[in-house]
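These are the residues of each chain, in order.
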Amino acid sequence: MNKTELINAMAEKSGMPKTQVKKALDAMVSATAETLKKGDRIQLFGLGTFSVSERSARTCRNPQNNKTVKVPAKKVVKFKACAQLKEL
């Protein structure tokens, strides 16, 4: 499902116009990005938890030429589904 399909499904289920649903979805994505950028976590009951964790620096092997490559440390977003979603 892409963003347009999600907007259409949300509009159908809520009875709201697609333009309002798009604004709400864009606001949610923006607020989520800002919160994760600060390093906070977001817990949505019935869906799951978004959090930021640090991935340490490591060396990897390029399979095309067998050379080792140093991958720097970075922050990554993680999602953990809630139990209700896992059951579905």
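See above for the structure.
In this report, we go over the structure that sits alongside the text. Just so it is clear, the structure is predicted and the values come from calculations on it, not from any experiment.

Scoring rules and cut-offs
- The residue numbering used here restarts from 1 in each chain and proceeds along that chain's sequence as written.
- Local features in this predicted model are restricted to residues of pLDDT 70 or higher, and side-chain atom pairs are both shown and tallied only at a pLDDT of 80 or more, whereas totals for entire chains, interfaces and linings draw on every residue.
- Side-chain metrics rest on all non-hydrogen atoms present in the structure, leaving aside hydrogens and water.
- Numbering of helices and strands runs from the N terminus; a helix is a DSSP stretch of H or I covering at least four residues, while a strand is a stretch of E covering at least two.
- Atoms considered for the radius of gyration are the C-alpha atoms alone. The globule rule reads 2.2 Å times the number of residues to the power 0.38.
- For every residue, the accessible area (1.4 Å probe, protein chains only) is compared with the maximum for its type, and the residue is labelled buried under 20%, exposed over 50%, or partly exposed between those bounds.
- Whether two residues touch is decided by their heavy atoms; if any such pair falls within 4.5 Å, the residues are in contact.
- Computed with the Shrake-Rupley method and a 1.4 Å probe, the accessible areas treat only the protein chains shown as cover for residues.
- In this charge count, Lys and Arg are treated as positive and Asp and Glu as negative; neither His nor the chain ends contribute.
- Just so you know, the charge point we use is NZ for Lys, CZ for Arg, CG for Asp and CD for Glu.
- Patch construction takes residues with relative accessible area above 30% that form no salt bridge. Like charges are linked within 9 Å, and nonpolar side chains (Val, Leu, Ile, Met, Phe, Trp, Tyr) are linked within 5 Å.
- The working definition used for a salt bridge is a side-chain nitrogen of Lys or Arg within 4 Å of a carboxyl oxygen of Asp or Glu.
- Definition of a polar contact: a pair of N or O atoms within 3.5 Å, with one able to donate and the other able to accept a hydrogen when the atoms are protein atoms, and with sequence-neighbouring residues admitted only if both atoms are side-chain atoms.

Helix and strand counts for the protein chain come out as three helices and five strands. Starting at the N terminus and ending at the C terminus, the protein chain contains elements arranged as α-α-β-β-β-β-β-α. Its C-alpha radius of gyration of 18 Å places the protein chain more than 25% over the 12 Å reference for a compact globule of 88 residues. For the protein chain, with 88 residues in total, the buried portion stands at 14%. By sequence separation, contacts in the protein chain at least 24 residues apart represent 29% of the contacts at least 6 residues apart. Of the accessible surface of the protein chain, which amounts to about 7,400 Å², a share of 55% is contributed by carbon and sulfur atoms. Within the protein chain, the 7 negative side-chain charges are centred at a point lying 10 Å from the centre of the 18 positive side-chain charges.

The grouping of Met-28, Leu-44, Leu-47, Phe-79, Leu-85 and Leu-88 at the surface amounts to a nonpolar patch, some 560 Å² of accessible area in total. Mapped onto the elements, Phe-79 comes out in strand E5 (residues 74-81).

Right, let's get into the environment of Arg-41. Its location among the elements puts Arg-41 in the loop between helix H2 (18-37) and strand E1 (42-44). C-alpha separation for the pair Arg-41 and Val-77, spaced 36 residues apart in sequence, amounts to 9.6 Å. Each residue touching Arg-41, except ones within four places of it in the same chain, is listed here: Thr-35, Thr-49, Phe-50 and Ser-51. A distance of 3.4 Å separates a polar atom in the side chain of Arg-41 from a polar atom in the side chain of Gln-43.

Limitation: the analysis is restricted to geometry and does not speak to function.
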